[in-house]
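# Commentary on secondary and tertiary structure
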Amino acid sequence: MSKSVASKTGLLALFLALMLPFGVILVLLLTEIKSRIGLWEEARSGVIYHRNVRQLLDHTLRYADLAAQKSSPSMVKFRQQATQAVERDIQKLDALSRLDALAAQQPSAQWRAFKSAWKQLDASTQKGAKALNAPALDALIEHIVALSAQADERVIRAPEVRSGAYVMDTLITDIPTLAADIERAGRLSSSLAQNSSASAKAEPLRALSTLIASSLSDSARKIPLQTAGDAAPASVQLYRDAKKQTREFLRLLDAPGKATPQQLMAASRESRAAYFQLYDALSRDMEKSIAAHIENDRQRKFFIEVFAALVVTILVCVFWKVGELTAQRSRAEQATHESEARFRSIVDAARDAIIGMDVNGLIREWNPQAETLFGWSREEAIGQRLSSTIIPPEW
């Protein structure tokens, strides 16, 4: 019995010795894949979050366009609609910020500052201010651009996205910033066209024009690298349209006095609208790419789990079978020992002399009656020739 227990203990120790390194490797693999999936999920959450921030920026700029125009019954209605659109965007971002995956994406202090600035700007507009509070609007836009830029590092933490950080930088930071600069330039150029004596606005306008041209040149180097990859042909065309619209807007800025305020504002709106369309297209492409990576990692995780379960099942079956064979052998040995013990008790208890020998004539069995009858002890007789023990020498 103790031998059987020892063999089972040895098998268990061998099983654990094999399973321990396998289990460690399995845990490390699954942990690494789970971490990758978490980073991809975080990146996808960031893309979704930024898309909503981009929509908020678009609606805020539309609100600014309407608020800058002369008041009329129809214009009041349009302003109300623009205000409602901004309020819906704020509510949507508030709802997104309550999700665990997105909670860290939204800088709470920056978000609170934006909502406070929005309420102040909208309140001054609703009170019928004679002119749009340009500094307040610029501050509001800066808050939105900052919201869009601050999660950039979280998004590019995802595997393989780090190597294409320029793509995410273009997607998340450059386009909203460029659109905001285009809106400011449109507003300043329209104001300057209406009042040519406002020379104080000429220098900021020239600076904005230079900044837009620089951003356009920078995006011309980075965006084609993205659109030449996995992006759909539609994204390539949207990029070309946005570049064309922006160059047309810059051409109007470089020719003061040749365009009306309405033309300047229209060119500004068309340019930033083209960039927003490009942003949305690239954002969808990026989300599809991230979703594909998540699906691939989940399939890898599933395959490893199935493979691990199969290996463990095979090992358990093998060790169970070995254990059964070992148990059967142990039972057979036990039965043999018991049979030998019974045979020994029968031989020892016999009243007749019982002598056993092998094919060579050597004694192998010698019971107590044989000891009494022939005078040889068992120890003396075992191994001797039968003729030398039971036949007297004189014969």
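Conventions used here
Residues numbered from 1 in each chain as written. Predicted model: local features only at pLDDT ≥ 70, side-chain atom pairs only at ≥ 80, totals over all residues. Heavy atoms only, no water. Helix = DSSP H or I, 4+ residues; strand = E, 2+ residues; numbered from the N terminus. Buried < 20%, exposed > 50% of the residue type's maximum accessible area, 1.4 Å probe, protein only. Contact = heavy atoms within 4.5 Å. Areas by Shrake-Rupley, 256 points an atom, 1.4 Å probe, with all protein chains shown as cover. Core = buried A, V, L, I, M, F, W, Y, C linked by side-chain atoms within 4.5 Å. Salt bridge = Lys/Arg side-chain N within 4 Å of Asp/Glu carboxyl O. Phe/Tyr/Trp six-rings, centres within 6.5 Å; stacked < 30°, edge-to-face > 60°. Pairing = 2+ DSSP bridges. pLDDT = per-residue confidence, 0-100. Patch = residues over 30% accessible without salt bridge, like charges linked within 9 Å, V, L, I, M, F, W, Y side chains within 5 Å. Polar contact = N/O pair within 3.5 Å; in protein donor to acceptor, adjacent residues only side chain to side chain.

Moving on, we come to the overall build of the chain. Looking only at helices and strands, one finds 13 helices and 2 strands in the chain. In the chain, which comprises 395 residues, the share counted as buried stands at 40%. Residue pairs in contact within the chain that sit at least 24 positions apart in sequence constitute 69% of those at least 6 positions apart. Of the accessible surface of the chain, which amounts to about 22,500 Å², a share of 59% is contributed by carbon and sulfur atoms.

Here we come to the nonpolar core. By size, the foremost hydrophobic cluster in this structure holds 29 residues, and its most contacted members are Leu56 and Phe114. Where this core is concerned, the elements lending two or more residues are α1 (2-68), α2 (73-97), α4 (108-126), α5 (134-150) and α7 (165-194). Of all the elements, α1 adds the most residues to this core, at 9 residues. By size, the runner-up hydrophobic cluster in this structure holds 26 residues, among which are Ile175, Leu216, Phe249 and Ala267.

To continue, consider the side chain of Ser209. Summarising the element assignment, Ser209 is placed in helix α8 (residues 202-227). Ser209 has contacts with Leu250, Leu253 and Asp254, leaving out every residue within four places of it along the chain.

Relative to the helices and strands, Val76 is located in helix α2. Counting along the chain gives 10 residues from Val76 to Leu66, while the straight-line C-alpha distance between them is 8.7 Å.

All right, on to the pattern of salt bridges then. Summed over the entire model, instances satisfying the criterion amount to 20 salt bridges. With a closest N to O distance of 3.4 Å, Asp297 and Arg36 form a salt bridge. Of this pair, Asp297 sits in helix α10 (residues 261-349) while Arg36 sits in helix α1, and the two are 261 residues apart along the sequence. Accessibility assignment for this pair places Asp297 and Arg36 in one class, buried. With its nearest N and O atoms 2.9 Å apart, the salt bridge here joins Arg44 to Glu41. A residue pair is termed a helical-turn pair when its members lie 3 or 4 positions apart in one helix, as Arg44 and Glu41 do in helix α1 at 3 residues. Exposure remark for Glu41: the relative accessible area of 21% places this residue in the partly exposed category. What emerges from the salt-bridge pattern is a single network uniting Asp138, Glu142, Asp181, Glu183, Arg184 and Arg187.

Scanning all chains against the criterion turns up 4 aromatic pairs. Ring centres of Tyr63 and Trp118 lie 4.9 Å apart, and the angle between their planes is 70 degrees; on these two criteria the pair is classed as edge-to-face. One end of the pair, Tyr63, is in helix α1; the other, Trp118, is in helix α4, with 55 residues separating them in the sequence. Here Tyr63 and Trp118 have matching classes, each one buried. Arranged with centres 5.5 Å apart and planes meeting at 20 degrees, the rings of Trp111 and Phe114 form a pair that is stacked.

On to the pairing of strand β2 (residues 363-366), then. Sheet topology places strand β1 (residues 355-357) next to β2; 3 bridges connect them, and they run antiparallel. The residue of β2 that forms the bridge with Met357 is Ile363.

Moving on to the confidence of the model for the chain. Low pLDDT marks regions whose predicted coordinates should not be analysed in detail. Here the chain shows a mean pLDDT of 78. Residues at 70 or above account for 80%. pLDDT under 50 marks residues 162-166. Its contacts with residues more than four places away, or in other chains, come to 5 contacts.

Right, let's get into a nonpolar patch on the surface. On the surface, a cluster of nonpolar side chains totalling about 330 Å² of accessible area is made up of Leu310, Ile314, Val318 and Val322. Along the chain, the position of Ile314 falls in helix α10.

On to the environment of Ser345. Take Ser345: it is sitting in helix α10. What makes Ser345 partly exposed here is its relative accessible area of 41%. Among the polar contacts listed, one links the side chain of Ser345 to the backbone oxygen of Arg342, at a separation of 2.6 Å.

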